[in-house]
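# Architecture at a glance
Here are the chains, one letter per residue:
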Amino acid sequence: MKLIACIFGGLLLLAAVILAAKASPLAVAAALARGAFGSKDSLANTLLQTTPLLLTGLGVGLAFKGKLFNIGAEGQFLLGAVFAIWAGTQKLPAPLLLPVALAAGALGGALWAGLAAALKLWRGVQEVLSTLLLNFVAIQLVAWMVRGPLQEAVKQYPQSDKLAIPGRLAFLWPGTQLHQGFLLALVLAVVAWAYLAKTASGFALRAVGAGAEAAAAAGISVAKTTWLTFLLSGALSGLAGAIQICGVTYFLADPYSKGYGYTAIAVALLANLSPLWTIVTALFFGALTAGATEVQSAGVSSVVIQVLQAVTLFTVLAYSWLKERGK
Amino acid sequence: MIPFLLQTLTFATPVLLAALGAVFAERAGVVNIGLEGLLLVGALVAVLVSAATGQPYLGVLVAALVAAALAGVFAVFAIGMKRDQVIVGTTINFLALGGTGVFYRAIKSTGEVKTLPVLFGDGSTAIHGVTLLGLLLIPLAQWLLYRTRLGVMVRSAGEKPQAVAAAGVFVNRLRTVTILATGALCGIGGAALSIGIGNTFTEEMTSGRGFIALAVVVFGRWNPLGVLTAALLFAAADVWQTRLQADGKLHIPYPIFLALPYVLTLLALAIRGAKVKPPAHLGEPFEQG
């Protein structure tokens, strides 16, 4: 009942915003549905958009579960893309190209998150600030890379060379762009769940998240857990960037991300930080992202999706409050 | 040298105003990641009102009111419902980023925007009224925070909320006031950006200034004078990078220049690091007994 009231309230708010922007809420909803599920291509596109959101969402969720406010998935995603295209354009034996590019991406994301971990543990800098600021640095890093060290050999456009075919992820659904990265993301969601639920290290992460002092008293190394949580979180987002390179764009351009790393925060929170629920919420936001392209036909800018994200989060926050109060 | 200083002052204004509000909110125990969004909303509203009425100062005023209203939404969720402040702030940023985009694109053209009148200087070194306001607010804030009863209450609300509550102060009401003030100041700061430094609104034009303001608060040790110093330092770095870039003598790619303010902010935080101590109960919800 409370949930229904919250959802209804959220929808009303959203309709008000759309009306204020002089468009029809029903037309926007129809356009969204058409863009997300209207055809084989749009359905494939929904799954395609789900992939980076699921991985970055898992990364953000893992960090938040450990009470680490890593808001830097965007930057970690970008570093993953940079590392992946760099590794993928080296002279490597063909069968190694794809695994090396993906691993490099995960490493890039982990390093970027590791910077925030080092600043927090060694210098007491709040990770909220450092990860946010690192996002902006990462954006400029990409801009520089595609005009400098990673620019295509012909030096015509600000973009990198293309990844050779052996470095690319194979297609999953013939006739569409959907690639195997989607399956990899699904598998990793299950792995993340198993890690949190079944391993000692995952238990330590949750314990530190529930209370660092109590965890330390129980003999858990808070510093070690913090390092590991940051690195895993960053690696997942970095892998998302690498998969985007190896499965979708095949080259690095500027700007590179569509804000996946920011949407990831909504994805993780809506899933209540549970890895398995993240599959569902990533699908939801993936459908919204895919549908956004059609929304313009209904007379609203596609950035209305960000408003939708905000309204969704406010709805979740209000619902969690009502639930707590009801107890 | 003088033009450099004047330009630094102008550039520092949006960050300074946002940070000044955040000093009070954080001293009272509230951390608001939503500064970025509040600045952005202020920037858009100021442009729209100024273009529609031809009155730039009316634009500043309405920007302050609208941003304060958005800060009110933050207060409802973060204080009223006691939800995590970082999460609520992030949500405010989503709303502002998407909302300003939707409205700006729906309007498409704003017509001619009247910018804030120049008090002295010209071109990129022009000083306008809002910059002056920012400078005047520093001693006022310093006095409020350290010389008045309200200041004592605000500072205690972040350090020992239980004790303040026991003395009969409504901690959450006090915190809400600081949040609304932060919103108003961010609105004015956003206006300083869109109709002070520039003459139009562009999407994402705040480009991280709200986050830099948060860092400035830490670097300035949660006090107004410190915040002024920090805001000027970062603005100087910003002006320096634009000038070096325009100069073209140094052959450094421009993205590296653009990254400079963020890198310097990170470095500054790292150097200041462990030496600064935030208010003891920063970010924690408070249950009035």
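Residues numbered from 1 in each chain as written. Chains lettered and ligands numbered in written order. Predicted model: local features only at pLDDT ≥ 70, side-chain atom pairs only at ≥ 80, totals over all residues. Heavy atoms only, no water.

Selection criterion: UniProt positions are given in the numbering used here, feature names are shortened, and annotations may be inferred rather than shown by experiment.
As recorded in an unreviewed UniProt entry, chain B goes by the name Simple sugar transport system permease protein, listed as coming from Armatimonas rosea. UniProt's Subcellular location (unreviewed entry) comment on chain B is quoted here verbatim: "Cell membrane".

Going by the annotation in an unreviewed UniProt entry, the name recorded for chain A is Simple sugar transport system permease protein, with Armatimonas rosea given as the source organism.

### Let's talk about the overall build of chain A
Which entries qualify depends on this criterion: To qualify as a helix, a DSSP run of H or I must reach at least 4 residues; to qualify as a strand, a run of E must reach at least 2; elements of each kind are numbered from the N terminus. Each radius of gyration is computed over the set of C-alpha atoms, and the globule rule expresses the reference value as 2.2 Å times the number of residues to the power 0.38. Each residue is assigned to one of three classes by its accessible area relative to the maximum for its type, calculated with a 1.4 Å probe on protein chains only: buried under 20%, partly exposed between the two thresholds, exposed over 50%. Note on definitions: a residue-residue contact is assigned when non-hydrogen atoms from the two residues lie within 4.5 Å. For the accessible areas, the method is Shrake-Rupley and the probe is 1.4 Å, while residue cover comes only from the protein chains on display. Positive charge is attributed to Lys and Arg, negative charge to Asp and Glu, and no charge count is given to His or to the chain ends. Where a charge lies is defined by one atom per residue type: Lys uses NZ, Arg uses CZ, Asp uses CG and Glu uses CD.
Helix and strand counts for chain A stand at 13 helices and 0 strands. Along chain A, helices (α) and strands (β) appear in the sequence α-α-α-α-α-α-α-α-α-α-α-α-α when read from the amino end. For chain A, whose C-alpha radius of gyration is 20 Å, the value lies close to the compact-globule estimate of 20 Å for 327 residues. Along the three orthogonal principal directions, the C-alpha set of chain A runs to about 60 × 60 × 35 Å. Within chain A, the proportion of its 327 residues that are buried is 55%. Across chain A, every contact between residues at least 6 apart in sequence was considered, and the portion connecting residues at least 24 apart equals 75%. Accessible area of chain A: about 13600 Å², with a carbon and sulfur share of 70%. Across chain A, the mean location of the 20 positive side-chain charges is 8 Å away from that of the 9 negative side-chain charges.

### Thoughts on the overall build of chain B
A tally of regular secondary structure across chain B gives 11 helices and 2 strands. Secondary structure elements in chain B, listed N-terminal to C-terminal, are α-α-α-α-β-β-α-α-α-α-α-α-α. The C-alpha radius of gyration computed for chain B amounts to 19 Å, which stays within 12% of the reference 19 Å derived for 289 residues, consistent with globular compactness. Here the C-alpha coordinates of chain B stretch approximately 60 × 40 × 30 Å along the principal axes. The burial tally for chain B puts 59% of its 289 residues in the buried class. For chain B, the share of sequence-separated contacts (at least 6 apart) that also reach a separation of at least 24 residues comes to 80%. Total accessible area computed for chain B in this model is approximately 11400 Å², and 68% of it derives from carbon and sulfur atoms.

### Description of the interface of chain A and chain B
We count it as follows: Note: buried area is the sum, over both parts, of the accessible area (probe 1.4 Å) each one loses when the two are combined. Within this document, salt bridges are pairs made up of a side-chain nitrogen of Lys or Arg and a carboxyl oxygen of Asp or Glu, the two lying within 4 Å of each other. Here a polar contact is taken to be a pair of N or O atoms separated by no more than 3.5 Å, where protein atoms must pair a possible hydrogen donor with a possible acceptor and residues adjacent in sequence count only if both atoms sit in side chains. Residues were grouped as follows: Ala, Val, Leu, Ile, Met, Phe, Trp, Tyr, Cys and Pro as nonpolar; Asp, Glu, Lys and Arg as charged; and all remaining residues, including Gly, as polar.
If you look at the interface, chain A gives 44 residues, while chain B gives 47 residues. Between chain A and chain B the total buried area reaches about 3900 Å² when both faces are included, carbon and sulfur atoms providing 80% of it. When residues of chain A are sorted by the area they lose upon contact with chain B, Leu133, Phe136 and Phe314 of chain A head the list and together hold 17% of the total. There are 1 salt bridge connecting chain A and chain B. One salt bridge connects Glu324 of chain A with Arg83 of chain B, and the closest N-O pair in it is separated by 2.9 Å. Inspection of the region where chain A meets chain B yields 6 residue pairs in polar contact (both at pLDDT 80 or more). For the side of chain A that touches chain B, the elements supplying multiple residues, two or more each, are helix 1 (2-20), helix 5 (94-123), helix 6 (127-145), helix 11 (260-270) and helix 13 (304-326) of chain A. Element by element, the count of residues in the side of chain A that touches chain B is highest for helix 13 of chain A, at 12 residues. Taken together, the residues that form the side of chain A that touches chain B break down as 31 nonpolar, 10 polar and 3 charged.

### Some words on the environment of Ala75 of chain B
Residues and elements named next belong to chain B. Mapped onto the fold, Ala75 is located in helix 3 (residues 56-80). Considered as a pair, Ala75 and Thr100 are 25 residues apart in the sequence and their alpha carbons are 20 Å apart. Contacts of Ala75, omitting those with residues within four sequence positions, involve Gly80, Thr176 and Ile179.

### Looking at unusual backbone geometry
Each neighbour pair has its own omega, and for Asp254 of chain A with Pro255 of chain A the value is -5°, a cis peptide bond. Inspection of the secondary structure assignment puts Pro255 of chain A in the loop between helix 10 (222-249) and helix 11.

### Concerning the packing of aromatic side chains
Keep this limit in mind: Put simply, two rings from Phe, Tyr or Trp (the six-membered ring, in Trp's case) pair if the centres are within 6.5 Å, and we call them stacked under 30 degrees between planes, edge-to-face over 60, tilted for the rest. Placement of a charge over a ring requires the Lys NZ or Arg CZ to be within 6 Å of the ring centre, with the centre-to-atom vector within 35 degrees of the ring normal.
Overall, the coordinates contain 10 aromatic pairs over all chains when judged by the stated rule. Centroid distance Phe64 of chain A to Phe69 of chain A: 4.9 Å. Interplanar angle 75°. Geometry classified as edge-to-face. Seen from their ring centres, Phe284 of chain A and Phe285 of chain A are 5.1 Å apart, and the 70° between their planes marks the pair as edge-to-face. Exposure remark for Phe284 of chain A: the relative accessible area of 37% places this residue in the partly exposed category. Ring pairs connect the aromatic residues Phe77, Tyr256 and Tyr260 of chain A, which therefore count as one cluster. Sitting over the ring of Tyr250 of chain A, Arg168 of chain A keeps its end group 4.0 Å from the ring centre. In this arrangement the basic side chain of Arg173 of chain B is found over the ring face of Phe170 of chain B, its NZ or CZ atom lying 4.2 Å from the centre.

### Things to note about helix 2 (residues 35-53) of chain B
The condition is simple: An expected span of 1.5 Å times one less than the residue number is assigned to each helix.
Its 19 residues give helix 2 of chain B an end-to-end C-alpha distance of 27 Å, which sits within 8% of 27 Å, the value for a rise of 1.5 Å per residue. In the segment just after helix 2 of chain B, Gly54 of chain B is the residue with positive phi, at about 75°.

### Here's the deal with the UniProt feature "transmembrane region" (unreviewed entry) in chain B
Residues and elements named next belong to chain B. In the numbering used here, UniProt assigns the feature "transmembrane region" (unreviewed entry) to residues 35-53, 60-80, 86-104, 125-146, 177-198, 210-237 and 252-271. This span, residues 60-80, is 100% helix and 0% strand, and a straight line between its end C-alpha atoms measures 28 Å. Between the first and last C-alpha atoms of residues 210-237 the distance is 16 Å; the span itself is 86% helix and 0% strand.

### A word on helix 5 of chain A
End to end, helix 5 of chain A covers 43 Å across 30 residues, agreeing with the expected 44 Å (1.5 Å per residue, within 8%). Phi for Gly124 of chain A, located one or two positions after helix 5 of chain A, is positive at around 70°.

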